[in-house]
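# Structural characterization, general
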Number of protein chains: 2
Amino acid sequence: MTTIADVARLAGVSPATVSRFFSGRPIRAEAAVRNAIDELGYSPNAIAKSLKSGRTGNVGVIIPDISDPYFASAVKGIDMESRERGYNLFLCNSDDGRERQDQALVALLGVVDGLILTPSIESGPPPASLARHACPLVLLDREFSEPVDCDTVTVDNLAGAKQAARYLVEIGHRRIGVISGPLTSTPGRLRHEGFIQGLTESSIELEDQNVFVGDFREMDGYIGMKHVLSGLPPTAVFVANNLMAIGALRACKESGLRVPSDLSFVSFDDLEVGTLLEPAITTVGRHPTQEGALAMSLLAQRLEGDSFDAPRRCVLETRLSVRDSCAAPSSGHRSPVGIPAPTA
Amino acid sequence: MTTIADVARLAGVSPATVSRFFSGRPIRAEAAVRNAIDELGYSPNAIAKSLKSGRTGNVGVIIPDISDPYFASAVKGIDMESRERGYNLFLCNSDDGRERQDQALVALLGVVDGLILTPSIESGPPPASLARHACPLVLLDREFSEPVDCDTVTVDNLAGAKQAARYLVEIGHRRIGVISGPLTSTPGRLRHEGFIQGLTESSIELEDQNVFVGDFREMDGYIGMKHVLSGLPPTAVFVANNLMAIGALRACKESGLRVPSDLSFVSFDDLEVGTLLEPAITTVGRHPTQEGALAMSLLAQRLEGDSFDAPRRCVLETRLSVRDSCAAPSSGHRSPVGIPAPTA
DNA sequence: CTGAAAGCGCTTACAG
DNA sequence: CTGAAAGCGCTTACAG
C-alpha cells in the first residue's frame, strides 16, 4: 500500500504538503502532487486519518432487524438525512440480541462519530461501552430500561394503541383479542397498556385466552393468532406490529377465516405491500422515514457542537388509517367494508 | 478518553503488558491490570488497534437498496455467516447510484478487511479506489461492466427468465408483455435476453408496445404495467424483479384487472408477503439468504489466506415456483388456477 | 513474562 | 506556502 510519504517523495515535497493538498488548502506544487497521486494510485488511509483527527465522518446505526419494514424505512430516512449532511452511514444488525448489539456497539464505537441505536428487546441498562466512549447517541423507537442521558425519537405508542381499541369498540366489538410485543420493550409494553386502557374505558376486559405476548416477529404473530383462535374466537384482533401482523394474517388465511367478515383486524405499523392485500389492513400508522430523518438530524446537531443542551425527547403522533379490514361483528353476511356499523 | 498508558500507569506495568493482556496472552500482573481497566472504564481504541495490526475484524457490504426484500434477505445470509466467523458487518446503501457507491466504498475501505458489493446499475468499470486498496472483494447479484478479478455470486438469470417464458407459452399465451430491469445491469440484461430467447424458441415475438424497461424499483413496475396495458393488453406479463412486481400488481389492481383471469403474471424473485397475496404469485425463485451466506464464506476464505486462488464464479440455479397467478388465456371465465391449459 | 523503543499512516501547531 | 517534528493509541519484534 502506498502512503503519503511515497507521494511526497515522488512529488518532491514533504508529507505535510500532500496532507494539506488533500484537506483542500492551496499548495504551490499542486500539479506535481496530483501527478504523483495519479501515478501511484494513492488514496488516503481513513484509519490513520481519523486516529489523528479524532473524526471519522461516519455515523453508525444499530437496529434489531433490517428486514422489518419499519426499520428498513427508518434507515432510509436516516440515510437520506446523513447523506445530506455529509456523513457516511454504517448499519449493523443486532438481531434483537443483547450480546450482538454490544458487539456491534464496540465495533462501531471505534469508527464512527455518532450512533443511532434501537436497543434490543431484553435491553436492560445501557452497555458499559457506551458510557466509556463519549460518543453522541440517539435512541430510536425504543429506550433502555434505565433512562439514559441522550436524545430520543419514539412515537406515542400508548395513544396509538388506545385509539385502535376505541375504534374496535366503537364499531361494536366486545370480544376482542390482542397479540402484543414483548412487555420488556417500551413499544411492546406501551402498546399493550394503551390497548387495554382503551378497552377499559368501555369496561371491556380481555379474556386470558385472547391475549398473546409475542416477540414482534412474524412467527409469533402466526402462533399468537392460532392461539387466540383456538378458543372461542374474538370478533376482532389487534396486532402490535407489522411483522406479527403478517404472521397473524397467514394464520387467518390458513384457518379459512375471512377478514373482516369473520374477524376484524387492526395492526400497529403500516404493512409494506399492505395496500395490495385483500382486504387492505387498517393500521395505527406512523412515518418511519421521518422518524429516521429526525433521529439523524438530532445526532448531527450534537456532532456539530450542541453538546451542552439537555436531552431532547421527541414523541411523534400516530394516526389510525382506516382501511378495509374491520367491520361490525356479525356472523352471517359480510358487512359493508370500511363503514363503521352502529354500536351494538 | 482513557488510553492504554493510563491503565498501565495505574496498574504499575508497561503499556505493552496491558496490550498483551488484551490479546489474551498470560501476564503476571493480571489482577492489577484488570482492576485498573475496571476502575478507569477503559476499552481499547479500535482505530489505533487496526492502524497497527492492519486488521479490523469488520466486513463491509454495499447494496443498492435495503428495502428491496431480495437484498434484505441476502444481507441476512451475509450477516449470519459473518457472525459465525467472528466478523462484524457494516452495511451501506448505495441507492443504486454510482457516486454514492463510491463514497461508501472509500469510507468502508478504511475500516474493513473485506467487502461484498452489488455494483450500482450504471456501474461502468470498477472504481479506482478498489484497485488501489488490496481489499478482498466479492460481487453479489451483479457484476461490473468490465470483468474484475474477484469472486462472484450470481444466479442463472438467463435460464430463469427463459423458463418463465417457456411456461407462459406452454400454458397457451402468445401476446406477452415484459417489464424488464435496466439493460445496463447484468441481471436486467440477462433476464431480458433470457425471456426473449424463451419466446423465440416458439417463434413468438414481443411487440414494442408490450416491452418496458424500468429501473428495478416499484414505481417503474407501476409505470411499466400502465404502459403495457395502454395498448391492446397482453394476456400475460413477466416482471423482472420483486419491487417492480409490486408496482405492477398495484397498477393491475388500479385498472381493475384480475389476475390470472384477465392477465397472467410471473415475476423474477419471490415476493415478500407473496403468499399472502390473492392470488399467490408465480415466480422465478431463488435463495437470497444462501446467496448472501455463500458470498460471505467466499470472502472469509480470501481473508484467511487463500489469496492465490483464481476467482471463483458461482452461478446458482433458479426455480420456477408455480402458484396461482397464471392461467390459460381466456376472456370469458376464470380457468382452473395453477393447472397448465393445453397449448393452443 | 516484561519493558523500552520503534512504527502503523496521517495531521497539525511551530518556525520559517 | 512549506518542512521538520511530535504525536494520535496501539502493537510487536527485540533484548532481557
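Residues numbered from 1 in each chain as written. Chains lettered and ligands numbered in written order. Predicted model: local features only at pLDDT ≥ 70, side-chain atom pairs only at ≥ 80, totals over all residues.

## Considerations on the overall build of chain A
For clarity, the cut-off: Secondary structure elements follow DSSP: runs of H or I of four or more residues count as helices, runs of E of two or more count as strands, with numbering from the N terminus. Put simply, a residue is buried when 20 or more other C-beta atoms lie within 10 Å of its own C-beta and exposed when 12 or fewer do; between those, it is partly exposed, and each C-beta is set from the backbone. For every residue pair, C-beta atoms are placed from the backbone, and the pair is scored as a contact if these atoms sit within 7 Å.
When you go through chain A residue by residue, the secondary structure sums to 12 helices and 12 strands. With 344 residues in all, chain A has 53% of them scored as buried. For chain A, contacts bridging at least 24 residues in sequence account for 70% of all contacts bridging at least 6.

## A look at the protein's contact with DNA strand C
Cut-off, in case you're wondering: Note on definitions: a residue is near a molecule or strand provided its C-beta atom, placed from the backbone, lies within 6 Å of it. For this classification, the nonpolar set comprises Ala, Val, Leu, Ile, Met, Phe, Trp, Tyr, Cys and Pro, the charged set comprises Asp, Glu, Lys and Arg, and every other residue, Gly included, is treated as polar.
For DNA strand C, the set of nearby residues contains 26 residues, the closest of which are Thr3, Ile4 and Ser19 of chain A together with Ile27 and Arg28 of chain B. Those elements that provide at least two residues to the surface near DNA strand C are α2 (15-22) and α4 (46-53) of chain A together with α2 (15-22) and α4 (46-53) of chain B. When its residues are assigned to classes, the surface near DNA strand C shows 14 nonpolar, seven polar and five charged.

## Here we look at the interface of chain B and chain A
Many descriptions give the size of an interface as the accessible area lost when the pieces come together. The partner chain A presents 41 residues to the 41 residues of chain B that form the contact. The leading source of residues in the side of chain B that touches chain A is strand β2 (residues 88-93) of chain B, at six residues. Taken together, the residues that form the side of chain B that touches chain A break down as 23 nonpolar, 12 polar and six charged.

## What to know about the protein's contact with DNA strand D
Taken together, 26 residues sit near DNA strand D, with Ile27 and Arg28 of chain A together with Ile4, Ala16 and Ser19 of chain B positioned nearest. When residues of the surface near DNA strand D are traced back to their parent elements, those giving at least two are α2 and α4 of chain A together with α2 and α4 of chain B. When its residues are assigned to classes, the surface near DNA strand D shows 14 nonpolar, seven polar and five charged.

## Notes on the relation of the copies chain B and chain A
For the pair of chain copies, the relating operation is a rotation around an axis with a shift along it. Inclusion rule: Least-squares fitting of one copy onto the other uses the C-alpha atoms of those residues that reach a pLDDT of at least 70 in both copies.
If you rotate chain B by 180 degrees and push it 0.1 Å along the axis, it lands on chain A with an RMSD of 0.1 Å. As the rotation angle and translation indicate, the two copies are arranged about a two-fold axis. Of the residues that chain B buries at the interface, 100% are likewise interface residues in chain A, meaning the two copies contact each other through the same surface.

## Considerations on helix α11 (residues 242-254) of chain A
Every α-helix winds through 3.6 residues per turn, so residues three or four apart in the chain are directed the same way. All names here are of chain A. To keep it simple, the criterion reads: Expected helix span is given by 1.5 Å per residue-to-residue step, counting one fewer step than there are residues.
When the terminal C-alpha atoms of α11 are compared, their 18 Å separation across 13 residues agrees well with the 18 Å that a helix rising 1.5 Å per residue should span. Of all 13 residues making up α11, 10 are buried, and the element is well covered by its neighbours. Regarding α11, the residues found buried are Asn242, Leu243, Met244, Ala245, Ile246, Gly247, Ala248, Leu249, Ala251 and Cys252. Those residues of α11 hidden inside the fold are in contact with α5 (69-84), β6 (176-180), α10 (218-230), β8 (236-239) and β9 (264-268).

## Remarks on the confidence of the model for chain A
Note the following rule: Confidence of the predictor at the level of single residues is captured by pLDDT, which takes values from 0 to 100.
Averaged over every residue, the pLDDT of chain A is 89; the share at 70 or more is 94%. Segment residues 332-344 of chain A: pLDDT under 50, and 21 contacts once partners within four positions in sequence are set aside and those in other chains are kept.

## Topic: the sheet that holds strand β12 (residues 319-321) of chain B
Residue and element names in this part refer to chain B. To keep it simple, the criterion reads: Only strands joined by at least two bridges in the DSSP assignment are considered to pair. For helices, the fitted axis covers only the stretch in contact; all axes are lines through C-alpha atoms, and the angles between them, taken along N-to-C directions, range from 0 to 180 degrees.
Strand order in this open sheet of six strands is β7-β6-β8-β9-β10-β12, and the pairing throughout is mixed. The open sheet has two edge strands, β7 (211-213) and β12, and neither has a second partner. Ignoring which end each strand starts from, the neighbouring axes of this sheet average 15 degrees apart. Strand direction decides the pairing type here: strand β9 (residues 264-268) and strand β10 (residues 282-285), joined by three bridges, are parallel. What sits directly across from Ser267, in β10, is Thr283. In this fold helix α8 (residues 157-170) packs onto β6 (176-180), β8 (236-239), β9, β10 and β12, with an angle of close to 170 degrees to the strand it touches most, β9. Packed onto the sheet, helix α9 (residues 186-200) meets β6, β8 and β9 and runs at close to 170 degrees relative to β6.

## Quick notes on the nonpolar core
Most often, soluble globular proteins keep nonpolar side chains buried together rather than apart. Heads up, the rule is: Here, a nonpolar core means buried Ala, Val, Leu, Ile, Met, Phe, Trp, Tyr and Cys residues linked by C-beta atoms lying within 7 Å of one another.
One finds Leu168 and Ala248 of chain A together with Leu168 and Ala248 of chain B to be the most contacted residues of the largest nonpolar core, which totals 92 residues. Excluding residues within four positions of it along the chain, Leu168 of chain B makes contact with His173, Ile176, Ala236, Phe238, Ser264, Val266 and Cys326 of chain B. Counting residues in each nonpolar core, the second largest holds 86 residues, with Cys92 and Leu298 of chain A together with Ala46 and Ile116 of chain B among its members.

## Considering unusual backbone geometry
Residue and element names in this part refer to chain A. Look at the link from Val259 to Pro260: it is a cis peptide, with omega at 5 degrees. Mapped onto the elements of the fold, Pro260 is located in the loop between α11 and β9. Note that the residue after Glu278, namely Pro279, is joined by a cis bond; omega there is -5 degrees. Mapped onto the elements of the fold, Pro279 is located in the loop between β9 and β10 (282-285).

## Some points on the pairing of β2 of chain B
Two faces make up the sheet, and in a regular strand the side chains alternate between them. All names here are of chain B. What counts, and what does not: A clockwise course of the path from the first strand over the helix to the second, judged with the strands pointing away from the viewer, identifies a crossover as right-handed.
The buried fraction of β2 amounts to six of the six residues, a majority that puts the element mostly inside the structure. The side-chain alternation of β2 yields two buried faces, one formed by Asn88, Phe90 and Cys92 and the other by Leu89, Leu91 and Asn93. For strand β1 (residues 58-63) and β2, the ladder comprises six bridges, and the chain directions are parallel. What sits directly across from Ile62, in β2, is Cys92. For the handedness criterion, the β-α-β arrangement of β1, helix α5 (residues 69-84) and β2 is classed as right-handed.

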